[in-house]
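# Structural description and commentary
Next come the chains, spelled out residue by residue.
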Amino acid sequence: MAAKLILSMDGAVIKEYPLNKERMTIGRKAHNDIAIDNLAVSGEHAAIVTILHDSFLEDLDSTNGLEVNGVPTKKHFLQNNDVIEIGKYKLKYINDQVTQTTAADFEKTMVMRAPVKQVAPSANKPAAAVAPAQGQASSNKPAQASVESTGKFDAPSVSAVSQSAKPTVSQSKPAGDMQQDTMQKAAVVQVLTGPNAGKELELVKNLTTLGKPGLQVAVLTRRPHGYFITHVEGERFPLVNGEALTSQAHQLNDHDVIELAGVKMEFYFKK
Amino acid sequence: MVRSHNEDSVACEPACGLVVLADGMGGYNAGEVASGIAVSVVVAEISEHLQNALPVDRDAERGEELGVLLLDDSIRKANASIFHAAQSQPQYAGMGTTIVSGLFYDDRVAVGHVGDSRMYRLRGDILEVVTRDHSLLQEQIDGGMISVADARLSKNKNLVTRAVGVDSEVVPEIHVHDVLVGDIYLLCSDGLNDMVEDEDIQATLSALQRNLPLAAGQLIQMANDNGGRDNVSVILVRVNGKFSEPRGWLAKLFNWFQE
């Protein structure tokens, strides 16, 4: 399903425009794909270039400019629900394509054939260069035509998930949201013995190493369902509550005492 | 993560300093077949030729080192094998694979790749991508259409512009890089870098470089924790000593890990 723009003014929807061409123009003159007959709108005000599932907005040196989500913009990579404002008009960008992280999409790596190379535009004139010769015959879905899907998998991802003991929290998040995935409580390691006794180390990273390189090192990993300690190097394995770790990761509980390279420390969750 | 179809294939041949990783695509088990053919052809070709020749030998006619030529030739051969298999068996029609391969010799590494499987290098604390993806997104980045930061938001991931086995010919991209003692090389399928930020890859390799099996496991775990659905394969290579020709490179440690 193609992405679309919904044109409205003062909250009243005027028209919907599917983005079904590689390049669509917005302007006052009638030949524009999205014609807005208003003096505040330049003859050719802006263009939207769509490549497969991504759309890019560009101001065509219009007199009054445009805003995206309230910010004056020359060029913008449109994201679902962005609002483009031209004068009193609003164009809402809707692209509810299933995002990449759904199972079906991930399993499809696809090959694009040679003509696609022309897509790479010169840095200066992206909008103009983006529409290569493929446009005429199939102006409805020109970009799609050059994609050859070779990926169709019958194995449902459900079966894969069931074997991986994976938490469900993070499965449908886009990759960019990784940091937010760690919704669990913040945790701290406090040194109990030795010269650094009393010092606290907040576990803000996904990976924190403890110990002395060459002697004994362990790593604390932050995962969606908790914190884990794993032995990295050294002949002796770290102790947790007096018991030596195996080579496996060990989940830490509140107030566990870790002993590593002769130093005791306590793991606890921040209140 | 275990899948009934694992489209990735990997191989390590410490005897000739070769690592290969391929991420196949195609219906049913065709992706697995394609990546399997690619890896076995490349390994077989290169190890056979290196039995009575050295990678530094120069081919007088083509004016290039054998190591580079072998990578190029073997990937082209893999392409032909996959293409022919796809032509002759209807269930394999259209199958293909990415590939990334490193041949270590003479304190250097020759890297050949096609598609979006990558090689990274950790040198000191700096993580760099050695290969440049053959993908739509990379072309858009190169063309100035989209910034690297915006690329993460793109819905056009997983579109490769070059693949092994989909056409009768393929042009592998081959470069030779100097290798320093202490370098760590990571080969991975896009299942890793789609799901784990470079920053986290860097932190993991830096922190766990003394324990590569753990580092490999940690990378895969992070991809899965972040919602990874694709196959994730990684190969890690640490350069433990100099290996200038002829036979000085025995101290190298290979490790591979796949899920």
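Before reading on, note that the structure itself is shown above.
My aim in this report is to walk through the structure given alongside it, one point at a time. Sequence order sets the numbering: in each chain, residues are counted from 1 along the sequence as written. Note on labels: chains are lettered from A, ligands numbered from 1, in written order. Only residues with pLDDT of at least 70 are given local features in this predicted model, and only at 80 or more are side-chain atom pairs given and counted; all residues enter the totals for whole chains, interfaces and linings.

Strands here mean DSSP runs of E at least two residues long; helices mean DSSP runs of H or I at least four residues long; both are numbered from the N terminus. When you go through chain B residue by residue, the secondary structure sums to 7 helices and 13 strands. Each radius of gyration reported is based on C-alpha atoms, and the globular scaling rule is 2.2 Å times the count of residues to the power 0.38. Taking 2.2 N^0.38 as the reference for a compact globule, 259 residues should give roughly 18 Å; the C-alpha atoms of chain B span a radius of gyration of 18 Å, in line with that estimate. Taken over the C-alpha atoms alone, chain B extends approximately 50 × 45 × 40 Å along its principal axes. When each of the 259 residues of chain B is scored for burial, the buried share is 57%. Any residue whose C-beta has 12 or fewer other C-beta atoms within 10 Å is treated as exposed, any with 20 or more as buried, and any in between as partly exposed, C-beta atoms being built from the backbone.

Residue and element names in this part refer to chain A. Across the sheet, 4 strands lie side by side as β16-β17-β18-β21; this open sheet has antiparallel pairing. Since the sheet does not close on itself, it has two edges, and those belong to β16 (207–212) and β21 (250–251), each with one partner. Any two strands are treated as partners once DSSP identifies two or more bridges connecting them. Here strand β17 (residues 216–223) pairs with strand β18 (residues 226–233) via 7 bridges, running antiparallel. The residue bridging V217 from the neighbouring strand is E233, located in β18.

A separate point is the pairing of strand β6 (residues 108–114) of chain B. Residue and element names in this part refer to chain B. Of all 7 residues making up β6, 6 are buried, and the element is well covered by its neighbours. Looking at chain direction, strand β5 (residues 96–105) and β6 are connected through 7 bridges and run antiparallel. Each residue of the ladder has a partner; that of F104, found in β6, is V109. As consecutive antiparallel partners, β5 and β6 are separated by 2 residues, and within that stretch D106 has a phi angle of approximately 55°, a positive value. Alignment of β6 against strand β10 (residues 173–178), held across 6 bridges, turns out to be antiparallel. In the strand pairing of β10, R108 is matched with D178.

Turning to the sheet that holds strand β5 (residues 46–51) of chain A, a few remarks are in order. Residue and element names in this part refer to chain A. Spatially, the 5 strands line up as an open sheet ordered β4-β3-β5-β6-β9, and their pairing is mixed. At either margin of the open sheet sits one strand with a lone partner, and together these are β4 (34–35) and β9 (75–77). The pairing of strand β3 (residues 23–27) with β4 spans 2 bridges and is classified as parallel. If you follow G27 over to β4, its bridge partner there is A35.

Moving on, we get to helix α6 (residues 198–207) of chain B. The set of residues buried in α6(B) consists of D200(B), I201(B), A203(B), T204(B), L205(B) and A207(B). We call two residues in contact whenever the C-beta atoms placed from their backbones are within 7 Å. Next to the buried residues of α6(B) lie β16 and β17 of chain A together with β7 (118–123), β8 (126–129), β11 (184–188) and α7 (212–225) of chain B.

Moving on, we get to the nonpolar core. Counting residues in hydrophobic clusters, the biggest one holds 96 residues, and the most contacted among them are V20(B), A38(B), L187(B), L219(B) and V234(B). With 10 residues, helix α1 (residues 30–49) of chain B is the largest single contributor of residues to this core. What makes a nonpolar core is a set of buried Ala, Val, Leu, Ile, Met, Phe, Trp, Tyr and Cys residues, with links drawn between C-beta atoms within 7 Å. Counting residues in hydrophobic clusters, the runner-up holds 25 residues, among them I36(A), V49(A), L78(A) and Y89(A).

For the rest of this paragraph, the subject is the environment of D96(A). Residue and element names in this part refer to chain A. Residue position: D96 is located in the loop between β11 (89–94) and α1 (103–106). For D96, a count of 10 C-beta atoms within 10 Å corresponds to the exposed category. Measuring from C-alpha to C-alpha, the distance between D96 and H53 comes to 9.8 Å, with 43 residues separating the pair along the chain.

With 20 residues, α1(B) should reach 28 Å at 1.5 Å per residue; the first-to-last C-alpha distance of 28 Å fits that figure. With 14 of its 20 residues buried, α1(B) lies for the most part within the structure. How far a helix is expected to stretch is found by multiplying one less than its residue total by 1.5 Å.

Two quantities define a packed helix pair, namely the angle between the helix axes and the distance between the axes. All names here are of chain B. Lines fitted to the C-alpha atoms define the axes, with helices restricted to the stretch that makes contact. Angles between their N-to-C directions range from 0 to 180 degrees. Orientation of α1 relative to helix α2 (residues 66–88), taken along the N-to-C sense of each, is 140°, at an axis distance of 8 Å. What the angle tells us is that α1 and α2 run oblique. Both α1 and α2 take part in a crossing whose hand is right-handed. Of α2, the residues touching α1 (which contributes A34, I37, A38, V41, V42, E45, I46 and H49) are L70, D73, S74, I75, K77, A78, S81, I82 and A85. Among the residues making up the contact of α1 with α2, the classes are represented as 11 nonpolar, 3 polar and 3 charged. Angular relationships are summarised with four words: roughly parallel below 35 degrees, roughly antiparallel beyond 145, roughly perpendicular across 65 to 115, and oblique for the angles in between. Working rule for handedness: look at the near helix, and if it is turned counterclockwise from the far one by less than a right angle, call the crossing left-handed; if clockwise, right-handed. Side-chain classes follow a simple rule in which Ala, Val, Leu, Ile, Met, Phe, Trp, Tyr, Cys and Pro form the nonpolar group, Asp, Glu, Lys and Arg form the charged group, and the remainder, Gly included, forms the polar group.

Residue and element names in this part refer to chain B. Secondary-structure assignment places V20 in strand β2 (residues 18–25). For the pair formed by V20 and R58, sequence separation is 38 residues and the distance between their alpha carbons is 23 Å. Setting aside its immediate chain neighbours within four residues, V20 contacts V10, A11, V39, V42, V43, I99 and S101.

All names here are of chain B. Where α6 contacts α7, the axes come no closer than 9 Å and their chain directions differ by 155°. Comparing the axis directions of α6 and α7 gives the class roughly antiparallel. As α6 packs across α7, the resulting crossing turns out to be right-handed. From α6, D200, I201, T204 and L205 reach across to α7, where they touch A215, Q218, L219 and M222. Tallied by class, the residues present in the contact of α6 with α7 amount to 5 nonpolar, 2 polar and 1 charged.

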